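Geometric and topological summary
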Amino acid sequence: QVWDTTHRCHRQSMIDPQRSDAAPPQALVVTELMVTGMCCQSEVALIRKKIGMLDGVVDLKFNLMLRRCTVMHTEDLTAVQLLRPLNWAALGATVLPPKGAGGAGIQRGALCRPGLLVALLSLLLFGLSNGIWARPDGTEWWEDPFSYFALSNVLLGLPILLRRALTGLLQRRISMFATMAIACVGALVLLDLWEASAVVFFYNASEWLQLWCVHHTAAASDSLGGLLPELAYPADGSASKPLSEVVVGELLLVKPGSAVPVDGEVVGGSSAVDESMLTGEAVPVAKREGSSVFAGTANQTGVLTLKVSRLPED
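Figured I'd write up the structure that's included with this text.

Definitions and cut-offs
- Residues numbered from 1 in each chain as written.
- Predicted model: local features only at pLDDT ≥ 70, side-chain atom pairs only at ≥ 80, totals over all residues.
- Heavy atoms only, no water.
- Phe/Tyr/Trp six-rings, centres within 6.5 Å; stacked < 30°, edge-to-face > 60°.
- Buried < 20%, exposed > 50% of the residue type's maximum accessible area, 1.4 Å probe, protein only.
- Lys NZ or Arg CZ within 6 Å of the ring centre and 35° of its normal.
- Core = buried A, V, L, I, M, F, W, Y, C linked by side-chain atoms within 4.5 Å.
- Helix = DSSP H or I, 4+ residues; strand = E, 2+ residues; numbered from the N terminus.
- Contact = heavy atoms within 4.5 Å.
- Axes fitted to C-alpha atoms, helices over the stretch in contact; angles between N-to-C directions.
- Parallel < 35°, antiparallel > 145°, perpendicular 65-115°, else oblique.
- Left-handed = near helix turned anticlockwise from the far one by under 90°.
- Nonpolar A, V, L, I, M, F, W, Y, C, P; charged D, E, K, R; others polar.

Notes on the packing of aromatic side chains
For the structure on display, the rule yields nine aromatic pairs. With a centroid separation of 6.0 Å and 80° between ring planes, the pair formed by Trp 141 and Trp 142 is classed as edge-to-face. The exposure class assigned to Trp 141 is partly exposed, which follows from its relative accessible area of 25%. Aromatic pair Trp 141 and Tyr 148: ring centres 6.3 Å apart, planes at 45°, arrangement tilted. Classification of Tyr 148 by relative accessible area gives partly exposed; the value is 40%. Three or more aromatic residues joined by ring pairs form one cluster here, namely Phe 126, Trp 133, Trp 194, Phe 201 and Phe 202. Above the face of the Tyr 233 ring, Lys 255 is positioned so that its terminal group lies 4.3 Å from the ring centre.

This is the structure in structure tokens:
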């Protein structure tokens, strides 16, 4: 998983505790959002604009593949205040329940959702609309029954495309939804009903395929969670402790033959690490000071000292 952690908006009173006029620091909480409308960097920029500048928001993290946005904020900022601007922008945001202990903390969800039903119905209508190609010369479109299958498919997806395109235009940006909506409307104006139906079908199919990818990526991540060791070994020589007690920034030792417990950066030692479970590459990767290592990979030859950059549940 590649997280984007490029937006931090600490208020001065939160980051400068030495000021005499600074308010007492507030407790921070983490809220994880499922944003179904976030599929590219343009939506990431929109989310930053919508909630990144809210009073109390400290940090935003994004996972485009899983359509997750993790918000670190003060406890006086409610989930409703986070969701309202996102849903006004037609991003379809909901709050995910807290992560459980252990595993990768990713919910797979169900594949049989309205999105699947829409994709299947769109496939059926698009398939039937192919009868347009058998229309006899000189026949008007309204006299061809297959034209109405194409129009039904267009009505299935065009309103959603227009809504999301309009939302982007109101934010002064042209999204991929705007280009698809323009293509679909243009095909309708030219009375190329099959072309308009094709645009809507590929949109609905791509939405389902992305849902399928999220589902199976979560499944793969859950399986990686089973490769993690139960104990971590602090680099200061103190007693081993459960992986759940490790914190970001802590220094850990990874012994030869053991699995890397967390994502981190090597700050001491050198070794070869088997990353085949992530990359499929059978040749071990040499690791030295400054190299990145990933949870679940297998250390082989040497002792590594690593600085924790990301916990297993992240």
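A look at the nonpolar core
Formed by 19 residues in total, the largest nonpolar core has its most connected members in Val 35, Ile 47, Cys 69 and Val 71. It is helix 2 (residues 41–51) that contributes the most residues to this core, four residues altogether. Setting aside its immediate chain neighbours within four residues, Cys 69 contacts Thr 31, Glu 32, Leu 33, Val 35, Met 38, Ile 47, Leu 60, Lys 61 and Phe 62. Formed by 16 residues, the second largest nonpolar core is a distinct cluster that contains Leu 228, Val 260, Val 293 and Leu 304.

Here we look at the environment of Trp 208
Mapping Trp 208 onto the fold places it in helix 7 (residues 193–225). Each C-alpha atom, one on Trp 208 and one on Gly 115, is 6.0 Å from the other, the two residues being 93 residues apart in sequence.

Things to note about the packing of helix 2 against helix 3 (residues 79–88)
As a packed pair, helix 2 and helix 3 sit with axes 9 Å apart at the nearest point and diverge in direction by 130°. Taken together, helix 2 and helix 3 sit at an angle that is classed as oblique. Regarding helix 2 and helix 3, the two cross each other, and that crossing is right-handed. Contact residues: helix 2 offers Ile 47, Lys 50 and Ile 51, while helix 3 offers Leu 82, Pro 85 and Leu 86. Along the lines of polarity and charge, the residues of the contact of helix 2 with helix 3 split into five nonpolar, no polar and one charged.

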